[in-house]
Amino acid sequence: MPITLALSKGRIFDDTLPLLASAGITVLDDPEKSRKLILATNRPDLRVVLVRASDVPTYVQYGGADLGVAGKDVLIEHGEDGLYQPLDLKIARCRMSVAVRADFDYASAVRQGSRIRVATKYTQIARQHFADKGVHVDLIKLYGSMELAPLTGLADAIVDLVSTGSTLKANNLVEVEHIMDISSRLVVNQAALKLRREPVRALIDVFAKAVS
Ligand code: ATP
Ligand code: MG
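All figures in this text were calculated on a predicted structure; none of them were measured in a lab. (Residues numbered from 1 in each chain as written. Chains lettered and ligands numbered in written order. Predicted model: local features only at pLDDT ≥ 70, side-chain atom pairs only at ≥ 80, totals over all residues. Heavy atoms only, no water.)

A. Main features of the side chain of Thr123. Within the fold, Thr123 resides in helix H5 (residues 123–133). A relative accessible area of 14% places Thr123 in the buried class. Discounting residues that sit within four places of it in the chain, Thr123 has contacts with Glu77, Leu139 and Lys141. (Helix = DSSP H or I, 4+ residues; strand = E, 2+ residues; numbered from the N terminus. Buried < 20%, exposed > 50% of the residue type's maximum accessible area, 1.4 Å probe, protein only. Contact = heavy atoms within 4.5 Å.)

B. Structural detail: the sheet that holds strand S8 (residues 137–141). Pairing within the open sheet is mixed, and its five strands lie in the order S8-S7-S9-S6-S10. If you trace the sheet from one side to the other, it starts and ends with S8 and strand S10 (173–182), each paired once. The mean inter-strand angle of the sheet, taken between neighbouring strand axes irrespective of direction, is 30°. Strand direction decides the pairing type here: strand S7 (residues 116–120) and S8, joined by five bridges, are parallel. Bridge pairing in S8 places Val118 opposite Leu139. Helix-sheet contacts for H5 involve strand S6 (94–101), S7, S8, strand S9 (157–162) and S10, and the interaxial angle to S10 is about 100°. (Pairing = 2+ DSSP bridges. Axes fitted to C-alpha atoms, helices over the stretch in contact; angles between N-to-C directions.)

C. Expanded view of helix H9 (residues 197–211). Taking 1.5 Å per residue as the helical rise, H9 with its 15 residues ought to reach 21 Å, and the 21 Å between its terminal C-alpha atoms agrees with that figure. For H9, the complete set of buried residues consists of Val200, Leu203, Ile204, Val206 and Phe207. Down the axis of H9, the sector holding all buried residues measures 150°, keeping them to one side. Structural note: H9 exposes Glu198 and Lys209 on the side pointing more than 90 degrees away from its buried face. (Expected span 1.5 Å × (residues − 1). Arc of directions from axis to C-beta.)

Written as structure tokens, this is what we have:
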């Protein structure tokens, strides 16, 4: 069996390719042009599987893939137990932030100890953040388009990923708190690390050299 690397389509796939290329590894199919979910590389002992970003930790944890690349956001939300994270790949960088409508006085809502309705896909990160601050929140789980929640009255605030801030701006939202910086990590299956030590180590080294 070749070593299996789990990636998600889009920015993680696009930003991982150059790291592999620095060691002469190329992926032989283009996921934007093909419907294949298992992609061969120019190394017969390495293949790539395409999964949803939030499924990468699951594939790696249960051995569906030996290694994977996942955002820190996804790893925290999934739970990090049993996943070895040897490297910050410093790709897909962004930040997790709290944002509100420009006309919502977040600071005084916090000061007054009001209950704040917060819509987010990232409920673990949000729960921890507001607990650390001692702010009472009602969390509303969403799966996308968080920006819409404050505009429709669904929520007072959102917790979401921000990179340039242009999406927030376009929707008349402002960032009021920076929760944490986010980047993507290499994650490794613990059993693969022991049982397939040589090839797994070699691939970790490829990534380590590419990011240093
Ligand atoms: P899906 O689209 O399958 O629901 P997703 O939105 O998490 O999942 P992507 O949009 O490909 O998938 O994001 C993958 C990772 O890239 C995220 O987990 C996050 O770490 C990072 N990311 C998300 N948005 C941005 C952004 N605007 N700029 C930089 N990195 C980002
Ligand atoms: Mg996305």
